[in-house]
Amino acid sequence: ATPELNNVVTLGIDFSYPMTSGLHQVTVEKIELVGDWISQKMWYLSILSLWLFGIFTYQLNQLRLARKQLDEDTKIITHLSHDNKHLQEETSKFRRLSTVDPLTQTYNRFGIDQVVNALITARTHLSMPSEMPLFCLILLDIDYFKKVNDNYGHDAGDKVLQCVSNSIQEELRPFDYLGRWGGEEFLIILPRTQMYVAFDLAEVLRKKLAATSIELQRTNLQVTASFGVASCLDGDYATAFKRVDEALYQAKHAGRNRTVIAEEKN
């Protein structure tokens, strides 16, 4: 058995007896406490606790660093996502600007080429009768358009182009395409359409334009247009366009305000 010293509050120094009376000078050279300050069990427990505390502190710090890195990565990803969305919007904007005529909001020549290439590329996935054209073309030219610019100014000419474009688009199907080929010429692409359907549509448009009155600042103006129609069976767009262009020339040469079907190639 050993004494318990966990409640010691004072320390005393004993002297040997007998001691003579008088003054004595005592020098304390050393005070030494002998014995285990803590038990072996407590010592091991302390080491284990310190080791566990160190591991816990290290893991807690690693978790803090990981959380901080996660927050930084999240900010970077959010920023990159925002930049990517902005770039996609800008790309779509510039793609639209590169394929759309700004005045009439129809396809320009580049846009028309993109449409034709897409139709030709997709024909291998389409199941169509052999006599069904891949697409039909309607090329129209506003008659005497130069006189409109000369007599009423280019602002009036722009308004005529916009009115003609809007009138045409009102008659087209959702899967048809309209483009401004240049100047006062418009090209209509009718996918998977028979020639007689394309001719009927051209006549509807011709009569509609002839009956439309365009309001200008000083007067109301009526315009007519000449039409050429051609089909494209084999995907040879260049040849089909040449034929429809020749048909339009024949319509204008024959007196304008009429529709001519292109001769079929041999």
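This text goes with the structure placed above it.
Residues numbered from 1 in each chain as written. Predicted model: local features only at pLDDT ≥ 70, side-chain atom pairs only at ≥ 80, totals over all residues. Heavy atoms only, no water.

J.: Any chance you could break down the sheet that holds strand β6 (residues 225-232) for me, citing the residues and the numbers?
T.: Within a sheet, adjacent strands bond to each other through the backbone by hydrogen bonds, running parallel or antiparallel. As summarised here, the arrangement of the 5 strands in space is β2-β3-β1-β6-β7, forming an open sheet in which the pairing is mixed. Of all the strands in the sheet, the pair left with one neighbour each is β2 (177-182) and β7 (259-261). For this sheet the average axis-to-axis angle between neighbouring strands, irrespective of direction, equals 20°. Here 8 bridges tie strand β1 (residues 135-142) to β6, and the two strands are oriented antiparallel to one another. Following the sheet pairing, I142 is matched in β6 by A225. Against the sheet, helix α6 (residues 237-253) makes contact with β1, β2, β3 (185-191), β6 and β7, and its axis sits at roughly 150° relative to β6, the strand it touches most. (Pairing = 2+ DSSP bridges. Helix = DSSP H or I, 4+ residues; strand = E, 2+ residues; numbered from the N terminus. Axes fitted to C-alpha atoms, helices over the stretch in contact; angles between N-to-C directions. Contact = heavy atoms within 4.5 Å.)

J.: Would you mind going over the state of the cysteines in detail, with residue names and values included?
T.: One pass over the full model with this rule turns up 0 disulfides. Among the cysteines around C136, which has no disulfide bond, C232 carries the closest sulfur, lying 8.9 Å off. (Disulfide = S-S within 2.5 Å.)

J.: Can you lay out the layout of surface pockets for me, pointing to particular residues and giving the numbers?
T.: When its volume is computed, the second largest pocket comes out at roughly 180 Å³. Together, 12 residues line the second largest pocket, and Y107, Q169, D176, Y177 and L178 are the ones closest to its centre. Along the lines of polarity and charge, the residues of the lining of the second largest pocket split into 6 nonpolar, 3 polar and 3 charged. (1 Å grid on protein atoms, 1.4 Å probe; cavity = no way out; pocket = protein on both sides within 12 Å on 5 of 7 lines; lining within 4 Å. Points joined across faces, edges and corners; volume = space filled by probe spheres on them. Nonpolar A, V, L, I, M, F, W, Y, C, P; charged D, E, K, R; others polar.)

J.: Lay out the packing of helix α4 (residues 154-171) against helix α5 (residues 195-210) with the relevant residues and their values.
T.: Where α4 contacts α5, the two axes come as close as 10 Å, and the packing angle between them is 140°. For the element pair α4 / α5, the angle class is oblique. Where α4 crosses over α5, the handedness of that crossing is right-handed. Residues V164, S167, I168, E170 and E171 of α4 lie in contact with α5, whose contacting residues are L201, V204, L205, K208 and L209. Here the residues of the contact of α4 with α5 sort into 6 nonpolar, 1 polar and 3 charged. (Parallel < 35°, antiparallel > 145°, perpendicular 65-115°, else oblique. Left-handed = near helix turned anticlockwise from the far one by under 90°.)

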